[in-house]
Amino acid sequence: VLSSLPLQMMLYFNVYYFPVWCLAEGMMLQLKYHLLPWHYQFLLVTAFLILSLAEGSRLYLGYVGNLQEK
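Predicted model only: the values in this text are computed from it and were never measured.

**Considerations on the overall build of the protein**
When its secondary structure is counted, the protein shows two helices and zero strands. A compact globule built from 70 residues would reach a C-alpha radius of gyration of about 11 Å, whereas the protein, at 16 Å, exceeds it by more than 25%. With respect to the three principal axes, the spread of C-alpha positions in the protein is 55 × 20 × 10 Å. Looking at the protein residue by residue over its 70 residues, the buried ones come to 16%. The contacts of the protein with a sequence gap of at least 6 include a subset with a gap of at least 24, amounting to 74%.

Now the structure itself:
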């Protein structure tokens, strides 16, 4: 068995903390959104979406890859 237990534990806890991070970041984005110029609004929303998608895919691929020993 080549799967890593510490990696699996970190992925497991990160799966539960990721929605909390998304919620907190989304709330902060909503609170300061109307105070910013339009180009910062666009950059913040774009960065939030890219980071959320990248983190979700990283967690999925890490979880599946570690369990399938890849």
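**Side note on the UniProt feature "transmembrane region" (unreviewed entry) in the protein**
Here, the residues flagged by UniProt with the feature "transmembrane region" (unreviewed entry) are residues 6–24 and 36–54. The span residues 6–24 shows a helical share of 100% and a strand share of 0%, and its end C-alpha atoms are spaced 26 Å apart. The span residues 36–54 carries 89% helix and 0% strand; its end-to-end C-alpha distance comes to 25 Å.

**Topic: a nonpolar patch on the surface**
There is a patch of nonpolar side chains on the surface, built from Leu5, Met9, Tyr12, Phe13, Val15, Tyr16 and Tyr17 and spanning about 770 Å² of accessible area. Mapped onto the fold, Tyr16 is located in helix α1 (residues 5–33). Note on Tyr16: relative accessible area 52%, which makes it exposed.

**Comments concerning the packing of aromatic side chains**
One pass over the structure, following the stated rule, counts four aromatic pairs. Here the aromatic rings of Tyr12 and Tyr16 are separated by 5.1 Å at their centres, their planes lie at 75°, and the arrangement is edge-to-face. Of the two residues, Tyr12 and Tyr16 both sit in helix α1, four residues apart, roughly one turn of that helix. On the numbers, 6.0 Å between centres and 20° between planes, the contact of Phe18 with Trp21 is stacked. Remark: Trp21 and Phe18 occur in helix α1; sequence separation between them is three residues, near one turn of the helix. For Phe18, a relative accessible area of 17% gives the class buried. These aromatic residues form a ring-pair network of at least three members: Tyr12, Phe13 and Tyr16.

**Describing the pattern of salt bridges**
Counted according to the given criterion, the structure contains one salt bridge. Here Glu55 makes a salt bridge to Arg58, at a shortest N to O gap of 2.7 Å. Of this pair, Glu55 and Arg58 both sit in helix α2 (residues 38–67), three residues apart, roughly one helical turn. A relative accessible area of 42% means that Arg58 is categorised as partly exposed.

**Quick notes on the packing of α1 against α2**
Direction vectors running N to C along α1 and α2 enclose 170°, while the axes themselves pass 10 Å from each other. What the angle tells us is that α1 and α2 run roughly antiparallel.

Quick notes on the rules
Residues numbered from 1 in each chain as written. Predicted model: local features only at pLDDT ≥ 70, side-chain atom pairs only at ≥ 80, totals over all residues. Heavy atoms only, no water. Helix = DSSP H or I, 4+ residues; strand = E, 2+ residues; numbered from the N terminus. Rg over C-alpha atoms; globule rule 2.2 N^0.38 Å. Buried < 20%, exposed > 50% of the residue type's maximum accessible area, 1.4 Å probe, protein only. Contact = heavy atoms within 4.5 Å. UniProt positions renumbered as here; feature names shortened; annotations may be inferred. Patch = residues over 30% accessible without salt bridge, like charges linked within 9 Å, V, L, I, M, F, W, Y side chains within 5 Å. Areas by Shrake-Rupley, 256 points an atom, 1.4 Å probe, with all protein chains shown as cover. Salt bridge = Lys/Arg side-chain N within 4 Å of Asp/Glu carboxyl O. Phe/Tyr/Trp six-rings, centres within 6.5 Å; stacked < 30°, edge-to-face > 60°. Axes fitted to C-alpha atoms, helices over the stretch in contact; angles between N-to-C directions. Parallel < 35°, antiparallel > 145°, perpendicular 65-115°, else oblique.

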